[in-house]
Amino acid sequence: MTDHALLLVNLGSPASTSAEDVRAYLDQFLMDPYVVDLPWPLRRLLVSLILIKRPAQSAHAYASIWWPEGSPLIVISRQLQDAVREYWPHGPVALAMRYGQPSIESELLSLAKQGVKRVTLAPLYPQFADSTTTTAIEEARRVLRAHDLKLQVNLVDPFYDQPDYLDALAASAKPYLDQGFDHLLMSYHGLPERHLHKTDPTGSHCLKGADCCQRAQGQILANCYRAQCYKTSEGFAKRAGLRPDQWSVSFQSRLGRAKWIEPYTETRLDELAKRGVKKLLVMCPAFVADCIETLEEIGDRGREQFIAAGGQELVLVPCLNAQPQWASALAAISARASRLL
Ligand SMILES: C=CC1=C(C)c2cc3[nH]c(cc4nc(cc5[nH]c(cc1n2)c(C)c5CCC(=O)O)C(CCC(=O)O)=C4C)c(C)c3C=C
Ligand SMILES: [Fe+2]
Ligand SMILES: [Fe+2]
């Protein structure tokens, strides 16, 4: 059977590092109601305010990490697509971006044109969030409806606790852990606290008490980004044989004035340096591919901050990127997906 495609979906990047291209990308991204979850007039106003200064700042940051072949996120996602082909004998393996190009629309249309009957949609986010997982799925739904595409679509659920994913994460970090370190920080992309409250099915569990994420189970866990980040970290630490005092979790990439989930990575970098940590390893398990958030925010600015606060060395552990064990795990996880769109 060769008519069962796998469609990998990542976030996307600007078309280039020009301020105009970055502005267009940020506008599409931040005007997504799953990302900035405010009513349209307020969202438009807030995003227009952000777009006054942010495109030039972000363009500068993108320029500092851009590769000759393009955005690291896109280049690496393409390499992953190639690597996954080895493990997906059922049909084509395609790649789409939620924002920018190649779009989910162009890829679904192209798969339908090739005669594909079934598509397994794999959002490349280990932990669930409306701003990543839901918006990718909803965009696919919109495209199917808009073009009346008769494709059967299966969804790959967030794989934060899947043994094959965690094994790949542990294997990829092993050479870095083996070099020795004082502390491992697992820095995840942050989220406004409001997003967590919105997806809490009880409306009263998340962010109530210091251990809400440790107590999360069932539907609460299935909807809580922060609890899933802790589960990934615990699963990783167990595989890596780490003691609880050797690692901690934090959340990066805050934007705007609303309260985001804590602890903040910026705060932890200072605290760890002040506590006498000299060699800090940082992993970013919310990202499967290195991108501006890992390479620039942690690898450049985070390192500078840690050293200015008294640390000696910050080693950024690369994301899973296109490693064969990860490609194989992703294909296996995708092959198990049975939930229909
Ligand atoms: C309200 C703003 C944002 C939310 C919510 C958000 C959630 C979120 N994002 C990722 C993954 C990535 N984000 C990336 C870049 C990025 N994210 C935001 C804002 C929010 N993200 C912005 C404005 C940007 C652009 C860069 C910048 O200007 O700072 C990227 C990297 C893209 C790249 O091209 O390299 C990824 C990946 C997750 C996983 C997440 C929720 C959990
Ligand atoms: Fe983001
Ligand atoms: Fe929670």
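These remarks concern the structure in this document. Not measured: the values here are computed from a predicted model.

Reading the values: rules and limits
Residues numbered from 1 in each chain as written. Chains lettered and ligands numbered in written order. Predicted model: local features only at pLDDT ≥ 70, side-chain atom pairs only at ≥ 80, totals over all residues. Pairing = 2+ DSSP bridges. Helix = DSSP H or I, 4+ residues; strand = E, 2+ residues; numbered from the N terminus. Axes fitted to C-alpha atoms, helices over the stretch in contact; angles between N-to-C directions. Parallel < 35°, antiparallel > 145°, perpendicular 65-115°, else oblique. Contact = placed C-beta atoms within 7 Å. Nonpolar A, V, L, I, M, F, W, Y, C, P; charged D, E, K, R; others polar.

**With respect to the sheet that holds strand 9 (residues 339-340)**
Thought 1: With mixed pairing, the five strands of this open sheet are ordered in space as 2-1-3-4-9. One side of each edge strand has no neighbouring strand; the edge strands of this open sheet are strand 2 (93-97) and strand 9.
Thought 2: Bridging between strand 1 (residues 4-10) and strand 2 involves five bridges; their strand directions are parallel. Looking across to strand 2, one finds that Leu-7 is bridged to Ala-94.

**Things to note about unusual backbone geometry**
Thought 1: Put simply, Gln-101 and Pro-102 share a cis peptide bond, and its omega is -5°.
Thought 2: Turning to its location among the elements, Pro-102 is positioned in the loop between strand 2 and helix 4 (104-113).
Thought 3: Glu-262 connects to Pro-263 through a cis peptide bond whose omega is 0°.
Thought 4: Checked against the element boundaries, Pro-263 lands in the loop between strand 6 (247-252) and helix 11 (265-274).
Thought 5: The residue Asn-321 is not glycine, and still its phi comes out positive at about 50°.
Thought 6: Looking at where Asn-321 falls in the secondary structure, it is placed in the loop between strand 8 (313-316) and helix 13 (324-335).

**Concerning the packing of helix 6 (residues 163-178) against helix 13**
Thought 1: Contact geometry of helix 6 with helix 13 gives a least axis separation of 9 Å together with a crossing angle of 175°. Relative to helix 13, the element helix 6 lies roughly antiparallel. Contact residues: helix 6 offers Asp-164, Tyr-165, Asp-167, Ala-168, Ala-171 and Ser-172, while helix 13 offers Gln-325, Trp-326, Ala-329, Ala-332 and Ile-333.
Thought 2: Each residue belonging to the contact of helix 6 with helix 13 can be placed in one class, and the counts come to seven nonpolar, two polar and two charged.

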